[in-house]
Amino acid sequence: MTMKNFTSVLQLTIFLSLLYLSATAQNLQLHYDFGKADDGELNADREHFTTTLEMFRPDSLGSTFFFVDMNYDSENGMSFAYWEIARTFKLPKIKNLRLELGYNDGMFIPSAWLVGLQTPFTIGPASISTSLYYRAEKGAKSADAQFTGVWFMMLFKGKVTLSGFVDVWSQDDYNLLGDKDGKRVVFLTEPQLWYNIHKKFALGGEVEFSRNLFTFDGDVEVMPTLAVKWTF
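Residues numbered from 1 in each chain as written. Predicted model: local features only at pLDDT ≥ 70, side-chain atom pairs only at ≥ 80, totals over all residues. Heavy atoms only, no water.

Turning our eyes to something else, we now look at the overall build of the chain. Along its length, the chain carries one helix and 13 strands. Ordering the α and β elements of the chain from the N terminus gives α-β-β-β-β-β-β-β-β-β-β-β-β-β. Residue burial in the chain is summarised as follows: out of 232 residues, 42% are buried. Restricting to contacts in the chain with at least 6 residues of sequence separation, those with at least 24 account for 39%. Here the chain has roughly 13400 Å² of accessible surface; of this, 65% comes from carbon and sulfur atoms. (Helix = DSSP H or I, 4+ residues; strand = E, 2+ residues; numbered from the N terminus. Buried < 20%, exposed > 50% of the residue type's maximum accessible area, 1.4 Å probe, protein only. Contact = heavy atoms within 4.5 Å. Areas by Shrake-Rupley, 256 points an atom, 1.4 Å probe, with all protein chains shown as cover.)

Summed over all chains, the structure comprises five salt bridges. A salt bridge links Arg 87 to Asp 59, with the nearest nitrogen and oxygen atoms 2.8 Å apart. Residue Arg 87 is found in strand 4 (residues 77–91), and its partner Asp 59 is found in the loop between strand 2 (49–58) and strand 3 (62–73); the two are separated by 28 residues along the sequence. Its relative accessible area of 30% is what places Asp 59 among the partly exposed residues. Lys 183 is the salt-bridge partner of Asp 144, the closest N and O atoms lying 2.9 Å from each other. A residue pair is termed long-range when its members are at least 10 positions apart, and Asp 144 in strand 8 (residues 144–155) and Lys 183 in strand 10 (residues 180–189) qualify at 39 residues. Accessibility expressed as a relative area gives 34% for Lys 183, which makes it partly exposed. Through salt bridges that share partners, Asp 144, Asp 172 and Lys 183 make up one connected network. (Salt bridge = Lys/Arg side-chain N within 4 Å of Asp/Glu carboxyl O.)

What follows covers the nonpolar core. In this structure, Met 55, Phe 66, Phe 67, Val 68, Met 70, Phe 80, Ala 81, Tyr 82, Trp 83, Tyr 103, Met 107 and Phe 214 together form the largest nonpolar core, which totals twelve residues. Listed by contribution, the elements that provide at least two residues to this core are strand 3 and strand 4. (Core = buried A, V, L, I, M, F, W, Y, C linked by side-chain atoms within 4.5 Å.)

This part covers the pairing of strand 5 (residues 94–106). For strand 4 and strand 5, the ladder comprises ten bridges, and the chain directions are antiparallel. Residue Ile 85 lies in a different strand from strand 5, and its bridge partner there is Tyr 103. Between the antiparallel neighbours strand 4 and strand 5 lie two residues, among them Lys 93 with a positive phi of about 65 degrees. Bridge count between strand 5 and strand 6 (residues 109–123): eight bridges; the pairing is antiparallel. In the sheet register, Arg 98 faces strand 6, and the bridge partner there is Gln 118. (Pairing = 2+ DSSP bridges.)

For the rest of this paragraph, the subject is the packing of aromatic side chains. Remark: the centre distance and the inter-plane angle together describe each pair of aromatic rings, the angle taken between the planes. Following the criterion strictly, the structure yields seven aromatic pairs and no others. Note on Phe 80 and Phe 108: the rings are 6.4 Å apart at their centroids and 15 degrees apart in plane angle, and the pair reads as stacked. Of this pair, Phe 80 sits in strand 4 while Phe 108 sits in the loop between strand 5 and strand 6, and the two are 28 residues apart along the sequence. Overall, the relative accessible area of 54% leaves Phe 108 in the exposed class. (Phe/Tyr/Trp six-rings, centres within 6.5 Å; stacked < 30°, edge-to-face > 60°.)

In structure tokens, the structure reads:
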């Protein structure tokens, strides 16, 4: 797919998503990223703005979740886009186990299909879900696996929200010649903290911790943000 075609598909996807979201609950986040990776590495300059359009909607059959991330630089406007969508289906006579299907795609990132099982549960005020997937990434020499954990809780009578996710997956590794050479394990987590000034408006941010995501030297990258969130 050419960059022009990808941009057209992304714009259409966002437009259709906004039409669908008009009758559901969702939020729009604006982050300023203070992180910076080593020079010369993919996505090295992290001092930019990122918008995140996010939706989670449960229904009688299960739930739908998706988000769209778009990064902006001062010279070119939108410089990076990425999105994920996941759909769960309740299993008959099994209360805490669901079938889950997902799709991930973005600029400079291979697309991936995921299929697996999700287990939702609660611990005190926290709503948590864990998922284990079969991961099929475009161009991969063999299949991979992914674990995802998601959490959400509200504290101090709804004034503070703690949320986030952790992903761990395997994917093809590459040697210095660019050839596929075994597998590597990728780790990514983004805990968020929000202070809810109003039921529709919050101040906060997140800290992204990653390993082997954009840099492949085994070091852990730390990318903090400050953000505002509007729920509508």
